[in-house]
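Here are the chains, one letter per residue:
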Amino acid sequence: MIFVTGGAGFIGANFVLDWLGATDEPVVNLDKLTYAGNLQNLSTLQGDARHVFAHGDMGDSALVARLLAEHRPRAVVNFAAESHVDRSIHGPEDFVQTNVIGTFRLLEAVRAYWSSCSADEQRSFRFLHVSTDEVYGSLAADDPAFTEDNKYEPNSPYSASKAASDHLVRAWHHTYGLPVLTTNCSNNYGPFHFPEKLIPLMIVNAIAGKPLPVYGDGMQVRDWLYVKDHCSAIRRVLEAGRIGETYNVGGWNEKPNIEIVKTVCALLDELRPRTDGKRYAEQITYVTDRPGHDRRYAIDARKLERELGWKPAETFDTGIRKTVEWYLAHEDWVRNVQSGAYRDWVSKQYGGA
Ligand code: NAD
Ligand code: TYD
């Protein structure tokens, strides 16, 4: 079986669902259920013995040691993190605690477990760390896209904490021989994306008749990858990636934010027209820019294609349409994550355990 952290969040939940859609290999899913973690994302797995959910912190060494000893996974995939740049600006400490200290403690627990495995088990074991392109910093308009050899130049508390975790993972390989893999992916979008991030926020605000806040001039560029393509890349790297290597994952889909927002508005005009006959784009509002806002990210994903034959299946046009349709079909999910009803349920169900 495999052991996943953060599997109730956006990418982790998509990964667990896709994994169990593709194979019968069970998944142990350790998630702290922060505001971003939501068991409703995994409701289709209710009663499915292949999914073992454990509520807890990857920084809880005793808990992780117990779970590893009990389930004896052949691999760990680390999604757990604080992931929102704006939150990291308002409260960086949680990011250091989770992304740096949490990853450190997880690595130590995994190293102890791995050391106790047989030589064969040790050879086939993998620790896959899921990271971001933001560790490379910001590109000028005419710079080439990030390759795996780019310097780390993180600019936000979020990207600095992810960069620190990447360095720890690297060091645990070089110093202790832990068989690690790291993926650095661009901006994901798709089902179960928490509506604090650009694309889901725009969809949700648009249909609620609220302003669509675009930071600064809206000309910051991101590379966008449909989340299922990120999941297939992780599966492929886990299967065949070279130990100790990093792989950039991207969608060859660089777009300025304002273009993303206008595309979302146009899809909503088609799929759920405003009742007053106006266009959703009229709700776009330019607001004060994010401090230290990175201007451009772009991913060169050729290593992953060359070495492991991975390519994204979705174009931005197909992926964004699926995404908007998903949000229109899942307004209950949106209401639950927004209202706090889900959080109340978690403390009732788990009693803060
Ligand atoms: P998310 O914020 O939606 O989910 C994070 C999950 O981790 C939540 O379920 C949360 O409850 C859980 N978690 C947080 N702290 C934990 C802890 N200490 N122990 C156990 N679980 C904990 O994040 P996401 O967007 O799904 O991102 C997943 C990973 O992918 C992160 O490491 C992120 O840095 C990376 N990443 C994200 C993107 C993106 O566009 N979202 C792009 C590239 C890389
Ligand atoms: P976000 O989804 O927060 O991802 P990241 O900061 O990790 O790239 O933001 C994507 C881009 O959209 C980023 O350039 C900031 C911008 N943005 C807005 O313009 N308005 C918003 O309300 C949000 C949340 C983001």
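In short, a report on the structure. (Residues numbered from 1 in each chain as written. Chains lettered and ligands numbered in written order. Predicted model: local features only at pLDDT ≥ 70, side-chain atom pairs only at ≥ 80, totals over all residues. Heavy atoms only, no water.)

Counting buried positions along helix α7 (residues 198-207) yields 7 of 10 residues, so the element is predominantly enclosed. For α7, the complete set of buried residues consists of Ile199, Pro200, Met202, Ile203, Val204, Asn205 and Ala206. Lining the buried residues of α7 we find β7 (187-189), β8 (212-215), β9 (221-226), α9 (257-271), α11 (316-329) and α12 (331-339). Phi turns positive one or two residues past the end of α7, at Gly209, with a value near 75 degrees. (Buried < 20%, exposed > 50% of the residue type's maximum accessible area, 1.4 Å probe, protein only. Helix = DSSP H or I, 4+ residues; strand = E, 2+ residues; numbered from the N terminus. Contact = heavy atoms within 4.5 Å.)

Here the focus is the side chain of Asp269. Within the fold, Asp269 resides in helix α9. Discounting residues that sit within four places of it in the chain, Asp269 has contacts with Lys278, Arg279 and Tyr280.

As a structural note, the neighbourhood of ligand 2 is formed by 16 residues, with Glu134, Pro213, Asn257, Arg290 and His293 the closest of them. Here an oxygen atom of ligand 2 and a side-chain polar atom of Glu134 are 2.6 Å apart. In this structure, Pro213 approaches ligand 2 through a main-chain N or O atom, which is 2.8 Å from a nitrogen atom. Coverage of ligand 2 by the protein amounts to 96% of the 510 Å² it exposes when considered alone. Secondary structure elements with two or more residues in the shell around ligand 2: α7 and β8. No other element matches the 3 residues that β8 contributes to the shell around ligand 2. Residues of the shell around ligand 2, tallied by class, amount to 6 nonpolar, 5 polar and 5 charged. (Near = heavy atom within 4 Å. Polar contact = N/O pair within 3.5 Å; in protein donor to acceptor, adjacent residues only side chain to side chain. Areas by Shrake-Rupley, 256 points an atom, 1.4 Å probe, with all protein chains shown as cover. Nonpolar A, V, L, I, M, F, W, Y, C, P; charged D, E, K, R; others polar.)

Looking now at the sheet that holds β9. Strand order across the open sheet formed by 3 strands is β7-β9-β11, with mixed pairing between neighbours. The strands lining the two open edges of the sheet, one partner per strand, are β7 and β11 (254-256). Pairwise comparison of adjacent strand axes, ignoring direction, gives a mean angle of 50 degrees for this sheet. The sheet contact formed by β9 and β11 spans 3 bridges and is antiparallel. The partner of Arg222 across the bridge, within β11, is Lys255. (Pairing = 2+ DSSP bridges. Axes fitted to C-alpha atoms, helices over the stretch in contact; angles between N-to-C directions.)

What follows covers the pairing of strand β6 (residues 180-185). Extensive coverage of β6 is indicated by the burial of 6 of its 6 residues. Of the two faces of β6, both are covered, the one formed by Val180, Thr182 and Asn184 as well as the one formed by Leu181, Thr183 and Cys185. The pairing of strand β5 (residues 126-132) with β6 spans 6 bridges and is classified as parallel. Across the sheet, Val130 pairs through a bridge with Thr183, a residue of β6. Following the chain from β5 across helix α6 (residues 157-176) to the adjacent parallel β6, one finds a crossover that is right-handed. Both β6 and strand β10 (residues 246-249) contribute to a ladder of 4 bridges, which runs parallel. When the sheet's bridge partners are listed, Thr182 is paired in β10 with Thr246. (Right-handed = clockwise from strand over helix to strand, strands pointing away.)

Below, the discussion takes up the packing of α11 against α12. Interhelical geometry of α11 versus α12 gives an angle of 75 degrees and a closest axis separation of 5 Å. In terms of their interaxial angle, α11 and α12 are classed as roughly perpendicular. Contacts between α11 and α12 involve Trp326, Tyr327, Leu328 and Ala329 on the former and, on the latter, Glu331, Trp333 and Val334. Grouping the constituent residues of the contact of α11 with α12 by class yields 6 nonpolar, no polar and 1 charged. (Parallel < 35°, antiparallel > 145°, perpendicular 65-115°, else oblique.)

With that settled, consider the side chain of Ser165. Summarising the element assignment, Ser165 is placed in helix α6. Separated by 2.7 Å, the side chain of Ser165 and the backbone oxygen of Lys162 make a polar contact. In contact with Ser165, not counting residues within four places along its chain, are Asn99, Thr103 and His129.

What follows concerns the site of ligand 1. Taken together, the neighbourhood of ligand 1 is formed by 28 residues, with Ile11, Asp31, Ser83, Tyr158 and Lys162 sitting nearest. The contact in question runs from an oxygen atom of ligand 1 to an N or O atom on the backbone of Gly9, over 2.9 Å. Between an oxygen atom of ligand 1 and a side-chain N or O atom of Ser83, the distance comes to 2.6 Å. Here ligand 1 loses 97% of its free accessible area of 840 Å² to cover by the protein chains. Among the elements that take part in the shell around ligand 1, β5 stands out by supplying 3 residues, more than any other. Broken down by class, the residue content of the shell around ligand 1 amounts to 12 nonpolar, 12 polar and 4 charged.

All right, on to the pattern of salt bridges then. The full count for this structure, using the stated rule, is 27 salt bridges. For Lys32, the salt bridge is made with Asp57, and the minimal N-O distance between the two is 3.7 Å. Highlighted residues: Lys32 in the loop between β2 (27-31) and β3 (51-55) and Asp57 in the loop between β3 and α2 (61-71), separated in sequence by 25 residues. For Asp57, a relative accessible area of 30% translates into the label partly exposed. Arg296 is the salt-bridge partner of Glu254, the closest N and O atoms lying 2.7 Å from each other. (Salt bridge = Lys/Arg side-chain N within 4 Å of Asp/Glu carboxyl O.)

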